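A structural walkthrough
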Amino acid sequence: MIADVVGDESNMGSSSNFMEAPVYENGHECPVSAKNDEVSSAGALETCDDRFLVHVAMTLDGEYLRGSIAAVHSVLKHTSCPGNVYFHFIASDSGSPTANELTRIVESTFPSLAFKVYTFDEKLVKKLISSSIRKALDNPLNYARSYLSDIIDECVQRVIYLDSDVVVVDDIRKLWSVSLTGSRVIGAPEYCHANLTKYFSDEFWSDPGLSKVFDGKRPCYFNTGVMVMDLRKWREGRYGAKIEQWMEVQKERKIYELGSLPPFLLVFGGDVEPIHHRWNQHGLGGHNVLSSCRFLHPGPVSLLHWSGKGKPWRRLDEGNPCPVDRLWAPYDLYRPFSQHLEQR
């Protein structure tokens, strides 16, 4: 069934702006729990059934809602066990659409999806945010990934965090199977050829009291838009507080310019579980300031990521897409008002 479609980009916060997604069902090989038949009043799987569920965390807001819906669609389409994926959505406590409105949008687009929408108190981070090279990076919701261990139900021990501008073209269970060895708290594709010095100011590198954070380590750049996170270790190590400490330094010293990423590099650089690069083909949105076209890197691809200024839905709507944007389009469930009229 396809839901009625009304509205336009300026009114994205309406369930009628999105078609109902196809129904994706578990294959016979999917693990089954006795709780699989027990649903909550909202129709969702038991949140804490960690043995059988893949937990995915994402943010939801009006500006990136179309991307988030496409990302969810891609996960469900390519996993062999869509009924075993549980989504944890983080919404602003002061944003529009509201958390309740976003819940209705997700429910109408994915009627059988197991999910929960949490609210993020933006006051926790607003006073710590410093201006960056792109205004979108200053959105408090960008920093919600640092607070997942406090926001998400405590019984959830592990999550995959995904940005809203990705599509997954492989089985998410493969990413979920990555082990975080030893004391490692997060896993992500690392890019050790990248020049890490450019992510921090000359003042940072010239101050031994600051740069010593990397002493004895071999830190590599990694993108925080795709991470496997051990929330139990995060809570025990109070890593959210460590990130906040670096944000406080930034307010006083201005040691970086790139939003929520540098504090993660400072806290986890040199101690990240390496994940195959196929799980984050990032940079498809071009430069952080210019929406330039980029092409896929050679090799296998499991996840496409439009990090950078350019977003595929905007470039497609403008009639000036990059070649890679057409790889995103099949997962798009948004239908503008003009197409709704044509279907009548």
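As the structure is a computational prediction, the values presented were derived from the model and not from experiment.

Scoring rules and cut-offs
Residues numbered from 1 in each chain as written. Predicted model: local features only at pLDDT ≥ 70, side-chain atom pairs only at ≥ 80, totals over all residues. Heavy atoms only, no water. Salt bridge = Lys/Arg side-chain N within 4 Å of Asp/Glu carboxyl O. Helix = DSSP H or I, 4+ residues; strand = E, 2+ residues; numbered from the N terminus. Buried < 20%, exposed > 50% of the residue type's maximum accessible area, 1.4 Å probe, protein only. pLDDT = per-residue confidence, 0-100. Contact = heavy atoms within 4.5 Å. Expected span 1.5 Å × (residues − 1). Disulfide = S-S within 2.5 Å.

On to the pattern of salt bridges. Applying the stated rule across the entire model yields 16 salt bridges. Asp153 serves as the salt-bridge partner of Lys116, at 3.1 Å between the closest nitrogen and oxygen. Of this pair, Lys116 sits in strand E3 (residues 114-120) while Asp153 sits in the loop between helix H4 (148-151) and strand E4 (158-162); the two residues are 37 residues apart in sequence, bridging distant segments of the chain. The partly exposed category is assigned to Lys116, whose relative accessible area is 32%.

Confidence in the prediction for the protein averages 88 pLDDT; 86% of positions are at 70 or higher. Ignoring residues within four places in sequence, the model shows residues 34-44, a span with pLDDT below 50, making 11 contacts including any to other chains. For the stretch residues 340-344, pLDDT sits under 50, and the model shows two contacts to residues farther than four places along the chain or on other chains.

Another point: helix H1 (residues 65-78). With 14 residues, H1 should cover 20 Å at 1.5 Å per step; its first-to-last C-alpha distance of 20 Å lies within 8% of that length. Within H1, 12 of the 14 residues are buried, leaving the element largely enclosed by the surrounding structure. All of the buried residues along H1 are Leu65, Arg66, Gly67, Ser68, Ile69, Ala70, Ala71, Val72, His73, Ser74, Val75 and Leu76.

Another point: the state of the cysteines. Per the counting criterion, the structure on display carries three disulfides. Sulfur-sulfur distance for the disulfide between Cys192 and Cys220 comes to 1.9 Å. With the S-S dihedral at roughly 95°, the linkage between Cys192 and Cys220 falls on the right-handed side. With Cys192 in the loop between strand E7 (190-191) and helix H6 (202-206) and Cys220 in the loop between helix H7 (208-211) and strand E8 (221-222), this residue pair connects regions lying 28 residues apart in the sequence. A relative accessible area of 10% means that Cys220 is categorised as buried. Note that Cys293 is cross-linked by a disulfide to Cys322, the S-S spacing being 2.0 Å. Sign of the S-S torsion, about -85° for the bond between Cys293 and Cys322, identifies this disulfide as left-handed. On the criterion of sequence distance, the pair formed by Cys293 in the loop between strand E10 (273-274) and strand E11 (303-305) and Cys322 in the loop between helix H11 (312-317) and helix H12 (325-328) is long-range, its members being 29 residues apart.

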